[in-house]
Number of protein chains: 2
Amino acid sequence: MTKGYIHVYTGDGKGKTTAAIGLAIRAVGAGKKVCILQFMKSLAYSEQKILQSIPGITLITLGKPYFIAKEGMLTDEQRKTWGNHIRIYPAGHPPKDYREMTLKGIEQAIDAVSKNYDMVILDEYNMARWYDLATEEDTEKILKARRPEVELIFTGRNAPKEILDAADLITEMKKIRHYYDKGVPVRTGIEN
Amino acid sequence: MTKGYIHVYTGDGKGKTTAAIGLAIRAVGAGKKVCILQFMKSLAYSEQKILQSIPGITLITLGKPYFIAKEGMLTDEQRKTWGNHIRIYPAGHPPKDYREMTLKGIEQAIDAVSKNYDMVILDEYNMARWYDLATEEDTEKILKARRPEVELIFTGRNAPKEILDAADLITEMKKIRHYYDKGVPVRTGIEN
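Naming follows an unreviewed UniProt entry, where chain A appears as Cob(I)yrinic acid a,c-diamide adenosyltransferase of Dialister invisus DSM 15470.

Now the structure itself:
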C-alpha cells in the first residue's frame, strides 16, 4: 500500500481547476482510477466532455443553474445586473435545495474516498465551504472516511482552515497579472 | 477572429504543467486544436499516453535522457550522487546536442503558432531558457510568428523577462507547503 497525500490548490490566480484536471489525466495515464466531484458546477465546462470519455475517470457535477451570494456581498447595482439569476441568502443559511444537492455530493465524496478510487478530486469544494453549502463537519467526515492510500485534492479560493491543516501539499495560485482586470470576458475553451 | 492571449504559469509550487494539461483538455473539449511542445522532457510522464490518444492534441517531446546543470549549481556531493546521469556545462554553453534538439523544437513552435493551432503550450520552456537551451532571441521569434488568435502558454519556474513582459496573464504557483520538503519522493501518476 502506497501512502496518498492531500493537496490544496487555492488562491486568486488562474489554474486551480485545470491543475486538478491535469492531475487526473496524469493519474489515469498511470492506470489509476479517478473520481472528480465538481461542486457548484453543472455540465457547462468544455473539459467535461473529454473527461467523461476517458475510461478510468468518473465525473459528477453538483451545481445549480443559478448563482448565489451572501447578504452584503453585492452592491445594489450588482444585484440589479444579476436579476433573477442570483439568490441572496443570510450567511450560514444557503438555499435549501442547493444545500441538499451539496450534501448528496458530500455523501458521494465519502463513498469515493472510502473505496475503489486512487484519486478523488473535490473541485471547488473550498468555495462550497465558503458559501456555507458544506460545513466544517462535512469536511471532517470526508477526511475521516479517506483510506490513507487515496490521493485527495481540494480546489477553490478561500480554502478553509480545517483543509489547510490537513493538507500535505498547498499551492497558492497567485495572480500576478490577469486579463480579467482589463475587461476580457470568460471564454469558452479557456475559462469554461 | 477571436483574440488569443499569452499565459505564463511559473513559481515553485506544484501545478504548472498540470494546469497547462487541463487547459489543453478544456480547449479540445471546445473543439479547438492544441499543440503541446514539452521542452526538457522525454516520453516518461504518465499523462502523455492519454494526451496522445485524444484527437485534436499533438504532443511533441524535446528532452534528452540525462540531466543538465550549470557549473557551480551543484555541490561536489550532489555531483557525485548524480554520477553519469548529469552533464555539467559553463553558463551559456549547454551541451550541443541538447541545444540542437531544443532549436528544432523552437522551429516547431514557430510553425505551430503561425498556422493551424488554436492553442500552443510550450511546457517547461521557461526552464529551457534558464538552462540556456533557448535564447531570448528564440522567444522573440516565437512571439513574432504567433497569429494573434493563438492562445500561447508558457510553463516552468524562473520565467524570463521577455516572456513576463509579453504575457497577458501571469500566475505564480506559490509553494505554501510541499511534501517534498518532508522527503516524499517523486511518484508515478502524481509527479510524472
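Below, the discussion takes up the packing of helix α4 (residues 96-114) of chain A against helix α6 (residues 136-145) of chain A. All names here are of chain A. Following both chains from N to C, one finds α4 and α6 inclined at 15°, their axes separated by 8 Å at the closest point. On the basis of the axis angle, α4 is roughly parallel to α6. The two elements α4 and α6 cross, and the hand of that crossing is right-handed. Contact with α4, carried on its side by R99, L103, I106, A109, I110, V113 and S114, involves D138, K141, I142 and A145 of α6 and no other residues of that element. Each residue belonging to the contact of α4 with α6 can be placed in one class, and the counts come to 7 nonpolar, 1 polar and 3 charged.

On to the pairing of strand β6 (residues 119-123) of chain A. Residues and elements named next belong to chain A. Most of β6 is tucked away, with 5 of its 5 residues classed as buried. In terms of strand pairing, strand β2 (residues 34-39) meets β6 through 5 bridges, oriented parallel. Its bridge partner being in β6, C35 is matched across the sheet by V120. With 4 bridges joining them, β6 and strand β7 (residues 151-155) adopt parallel strand pairing. Bridge pairing in β7 places M119 opposite E151.

Take chain A, turn it by 180°, move it 0.0 Å along the axis, and it overlays chain B with an RMSD of 0.0 Å. In symmetry terms, the pair is related by a two-fold rotation axis. For chain A, the residue whose C-alpha comes nearest the rotation axis is A19 of chain A, separated from it by 1.8 Å. By residue overlap, the copies meet face to face through one surface: 100% of the interface positions of chain A are interface positions in chain B.

Okay, the packing of helix α1 (residues 16-29) of chain A against helix α2 (residues 46-53) of chain B next. Following both chains from N to C, one finds α1 of chain A and α2 of chain B inclined at 95°, their axes separated by 6 Å at the closest point. The pairing of α1 of chain A with α2 of chain B is recorded here as roughly perpendicular in orientation. Seen from α1 of chain A, the contacting residues are I25, R26, V28 and G29 of chain A; seen from α2 of chain B, they are S46, E47, K49, I50 and L51 of chain B. Of the residues contributing to the contact of α1 of chain A with α2 of chain B, the split by class is 4 nonpolar, 2 polar and 3 charged.

Residues and elements named next belong to chain A. Throughout the structure, instances matching the rule amount to 27 salt bridges over all chains. Of the charged contacts, one joins E162 and R129 as a salt bridge, the two residues approaching to 2.7 Å between their closest N and O atoms. Placement of the pair is E162 in helix α7 (residues 161-166) and R129 in helix α5 (residues 125-130), with a sequence separation of 33 residues. When sorted by exposure, E162 lands in the same class as R129, which is buried.

For the rest of this paragraph, the subject is the environment of E136 of chain A. All names here are of chain A. In this fold, E136 is placed in helix α6. Judged by relative accessible area, which is 45%, E136 ranks as partly exposed. Ignoring anything within four residues of it in the chain, the contact list for E136 reads R129 and E162.

Moving on, we get to the sheet that holds strand β3 (residues 57-62) of chain A. Read from one edge to the other, the open sheet built from 12 strands follows the order β3(A)-β2(A)-β6(A)-β7(A)-β1(A)-β8(A)-β8(B)-β1(B)-β7(B)-β6(B)-β2(B)-β3(B), with strand pairing classed as mixed. Only two strands of the sheet have a single partner each, and these edge strands are β3 of chain A together with β3 (57-62) of chain B. Ignoring which end each strand starts from, the neighbouring axes of this sheet average 15° apart. In the sheet, strand β1 (residues 6-10) of chain B pairs with strand β7 (residues 151-155) of chain B via 4 bridges, with the strands oriented parallel. Bridging from a neighbouring strand, H7 of chain B pairs with I153 of chain B of β7 of chain B. Sheet strands in contact with helix α2 (residues 46-53) of chain A are β2 and β3 of chain A, and its direction is about 140° off that of β3 of chain A. On the sheet, helix α4 (residues 96-114) of chain B packs against β2 (34-39), β3, β6 (119-123) and β7 of chain B and is oriented at approximately 165° with respect to β2 of chain B.

Bringing the nonpolar core into the picture now. Formed by 50 residues in total, the largest nonpolar core has its most connected members in I25 and V34 of chain A together with I25 and V34 of chain B. Not counting chain neighbours up to four residues away, the residues in contact with V34 of chain A comprise A24, A27, V28, G56, I57, T58, Y117, M119 and I121 of chain A. Counting 33 residues, the second largest nonpolar core, distinct from the first, contains V113, L122, A128 and F154 of chain B.

A few words now on α4 of chain A. Residues and elements named next belong to chain A. The end-to-end C-alpha distance of α4 is 27 Å, a good match for the 27 Å that 19 residues give at a rise of 1.5 Å each. Three or more residues of α4 are buried, namely Y98, T102, G105, I106, A109, A112 and V113. The buried residues of α4 all sit within an arc of 120° when viewed along its axis, so they share a single face. Opposite the buried face of α4, at more than 90 degrees from it, the exposed residues are K96, K104 and E107. Looking one or two residues beyond α4, the residue adopting positive phi is N116, at roughly 70°.

So, about unusual backbone geometry. For N116 of chain A, which is not glycine, the phi torsion reads 70° and is therefore positive. Within the secondary structure, N116 of chain A sits in the loop between α4 and β6. Although it is not a glycine, N158 of chain B sits at a positive phi angle of roughly 55°. Mapped onto the elements, N158 of chain B comes out in the loop between β7 and α7 (161-166). Since its relative accessible area comes to 40%, N158 of chain B is described here as partly exposed.

Definitions and cut-offs
- Residues numbered from 1 in each chain as written.
- Chains lettered and ligands numbered in written order.
- Predicted model: local features only at pLDDT ≥ 70, side-chain atom pairs only at ≥ 80, totals over all residues.
- Heavy atoms only, no water.
- Axes fitted to C-alpha atoms, helices over the stretch in contact; angles between N-to-C directions.
- Helix = DSSP H or I, 4+ residues; strand = E, 2+ residues; numbered from the N terminus.
- Parallel < 35°, antiparallel > 145°, perpendicular 65-115°, else oblique.
- Left-handed = near helix turned anticlockwise from the far one by under 90°.
- Contact = heavy atoms within 4.5 Å.
- Nonpolar A, V, L, I, M, F, W, Y, C, P; charged D, E, K, R; others polar.
- Buried < 20%, exposed > 50% of the residue type's maximum accessible area, 1.4 Å probe, protein only.
- Pairing = 2+ DSSP bridges.
- Least-squares fit on C-alpha atoms with pLDDT ≥ 70 in both.
- Salt bridge = Lys/Arg side-chain N within 4 Å of Asp/Glu carboxyl O.
- Core = buried A, V, L, I, M, F, W, Y, C linked by side-chain atoms within 4.5 Å.
- Expected span 1.5 Å × (residues − 1).
- Arc of directions from axis to C-beta.

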